[in-house]
Amino acid sequence: EGKYDDKLWDMDAKKDVWNEWDPNSPRSDLNFNPFERNPDGNPCDCSGYFPGEAKYKDPQRPDTDFATMMAEKEIMAEIEANKKPGDVPGAPGC
């Protein structure tokens with residue numbers, strides 16, 4: 001079970017999980033990239049599962065507005081520009 005199961009899955013929660021994520025350790029409910037998307041473009045849930053997977057649980061999403069979306073876009077650009085060491089295709093935690 002993920003750290004944020006049954007809790008708000010907002011940008012702060014995702015950043016917390018990302019900060020703890022180790023791409024060099026095996027993927028688990030507590031070790032995954034919360035910003036990863038599956039081939040269909042869907043984001044993962046609070047435990048790193050994607051829609052269609054047996055353990056997927058619809059997360060509690062926050063209300064949002066345009067200003068929040070623009071702020072999150074800047075956060076994502078920063079994260080993408082500063083990948084973690086080991087964040088490469090095929091790494092154990094990816």
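Please refer to the structure higher up on the page.
All values reported here derive from a predicted model rather than from experimental measurement. (Residues numbered from 1 in each chain as written. Predicted model: local features only at pLDDT ≥ 70, side-chain atom pairs only at ≥ 80, totals over all residues. Heavy atoms only, no water.)

**Overview of unusual backbone geometry**
Next, step 1: Its identity as a non-glycine residue notwithstanding, Asp6 has a phi of 65°, on the positive side.
Next, step 2: On the basis of relative accessible area, Asp6 is assigned to the exposed category, the value being 62%. (Buried < 20%, exposed > 50% of the residue type's maximum accessible area, 1.4 Å probe, protein only.)

**What about the nonpolar core?**
Next, step 1: Ranked by size, the top nonpolar core spans 8 residues in total: Tyr4, Trp9, Ala13, Val17, Phe32, Cys44, Cys46 and Phe50.
Next, step 2: Discounting chain neighbours no more than four positions away, the residues touching Phe50 are Arg27, Glu36, Arg37, Asn38, Asn42, Pro43, Cys44 and Tyr56.
Next, step 3: Residues Met11, Trp21, Phe35 and Ile79 belong to the second largest nonpolar core, which totals 5 residues. (Core = buried A, V, L, I, M, F, W, Y, C linked by side-chain atoms within 4.5 Å. Contact = heavy atoms within 4.5 Å.)

**Remarks on the packing of aromatic side chains**
We describe a pair of aromatic rings using the distance from one ring centre to the other and the angle between the two ring planes.
Next, step 1: Across all of its chains, the model carries 2 aromatic pairs by this definition.
Next, step 2: A centroid spacing of 6.4 Å and a plane angle of 40° characterise the contact between Trp9 and Phe32, whose relative ring orientation is tilted. Of the two residues, Trp9 sits in the segment before α1 (11-20) while Phe32 sits in the loop between α1 and α2 (66-81), which places them 23 residues apart along the sequence. Pair check on accessibility: Trp9 and Phe32 agree, each one buried.
Next, step 3: Among the aromatic residues, ring-to-ring pairing joins Tyr4, Trp9 and Phe32 into one connected group.
Next, step 4: Over the ring of Trp18 we find Lys84; its NZ or CZ atom is 4.9 Å from the centre of that ring. (Phe/Tyr/Trp six-rings, centres within 6.5 Å; stacked < 30°, edge-to-face > 60°. Helix = DSSP H or I, 4+ residues; strand = E, 2+ residues; numbered from the N terminus. Lys NZ or Arg CZ within 6 Å of the ring centre and 35° of its normal.)

**Remarks on the packing of α1 against α2**
Next, step 1: As a packed pair, α1 and α2 sit with axes 12 Å apart at the nearest point and diverge in direction by 10°. Overall, the two elements α1 and α2 adopt an arrangement that is roughly parallel. For the pair formed by α1 and α2, the contact residues are Met11, Lys15 and Trp18 on the first element and Glu72, Ile75, Met76 and Ile79 on the second.
Next, step 2: For the contact of α1 with α2, a count of residues per class yields 5 nonpolar, no polar and 2 charged. (Axes fitted to C-alpha atoms, helices over the stretch in contact; angles between N-to-C directions. Parallel < 35°, antiparallel > 145°, perpendicular 65-115°, else oblique. Nonpolar A, V, L, I, M, F, W, Y, C, P; charged D, E, K, R; others polar.)

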